[in-house]
Amino acid sequence: MTTSPELSFDADIKPLFREGDRSAMMFAFDLWSYDDVRTHANRILPSVRAGVMPCDGQWPSDQVELFQRWMDGGYPR
């Protein structure tokens, strides 16, 4: 059994959020900020899972799973 490398916010999670996504959500929080995404992860995950975020189309399931793994892994920086 192989273990997957540890995820990081800068390398794995931040790139999921495009500039337009960030701009659209700045009224609430900054999707490029580790602290903001960690604080709001429990709201972000259901939104991306339901396909309501980002507003222009649903994330592929592998991206949703990546975000979930990052959360389950303790939000590694």
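Residues numbered from 1 in each chain as written. Predicted model: local features only at pLDDT ≥ 70, side-chain atom pairs only at ≥ 80, totals over all residues. Heavy atoms only, no water.

Caption draft 1: Focus on the overall build of the protein chain. On a plain count of helices and strands, the protein chain comes out with four helices and zero strands. Put simply, the protein chain runs from its N terminus to its C terminus through helices and strands in the order α-α-α-α. Along the longest, intermediate and shortest principal axes, the C-alpha atoms of the protein chain span 40 × 25 × 20 Å. Within the protein chain, the proportion of its 77 residues that are buried is 38%. Intrachain contacts of the protein chain at a sequence separation of at least 6 include 55% that bridge at least 24 residues. Split by element, the accessible area of the protein chain, about 4,900 Å² in all, is 50% carbon and sulfur. (Helix = DSSP H or I, 4+ residues; strand = E, 2+ residues; numbered from the N terminus. Buried < 20%, exposed > 50% of the residue type's maximum accessible area, 1.4 Å probe, protein only. Contact = heavy atoms within 4.5 Å. Areas by Shrake-Rupley, 256 points an atom, 1.4 Å probe, with all protein chains shown as cover.)

Caption draft 2: The arrangement of the nonpolar core in detail. By size, the foremost hydrophobic cluster in this structure holds 22 residues, and its most contacted members are Ile13, Phe17, Leu31, Val37, Ile44, Phe67 and Trp70. Those elements that provide at least two residues to this core are α1 (9-13), α3 (34-50) and α4 (61-72). Broken down by element, the residue count for this core peaks at six residues, all from α3. Setting aside residues up to four positions removed in sequence, leucine 31 forms contacts with Phe9, Phe17, Asp21, Arg22, Met25, Val37, Ile44 and Met53. (Core = buried A, V, L, I, M, F, W, Y, C linked by side-chain atoms within 4.5 Å.)

Caption draft 3: Layout of the environment of valine 48. Within the secondary structure, valine 48 is located in helix α3. Considering only alpha carbons, one finds valine 48 and leucine 7, 41 residues apart in sequence, at a separation of 19 Å. Not counting the four nearest positions on each side in its chain, valine 48 is found in contact with Met53, Gln58, Trp59 and Val64.

Caption draft 4: Main features of the environment of tryptophan 32. Looking at the secondary structure, you find tryptophan 32 in the loop between α2 (19-25) and α3. For the pair tryptophan 32 and glycine 73, spaced 41 residues apart in sequence, the C-alpha separation works out to 19 Å. With near-sequence residues (within four places) excluded, tryptophan 32 lies in contact with Phe9, Lys14, Phe17, Arg18, Glu19 and Arg22. Only 2.9 Å separates the side chain of tryptophan 32 from the backbone oxygen of phenylalanine 17, close enough to count as a polar contact. (Polar contact = N/O pair within 3.5 Å; in protein donor to acceptor, adjacent residues only side chain to side chain.)

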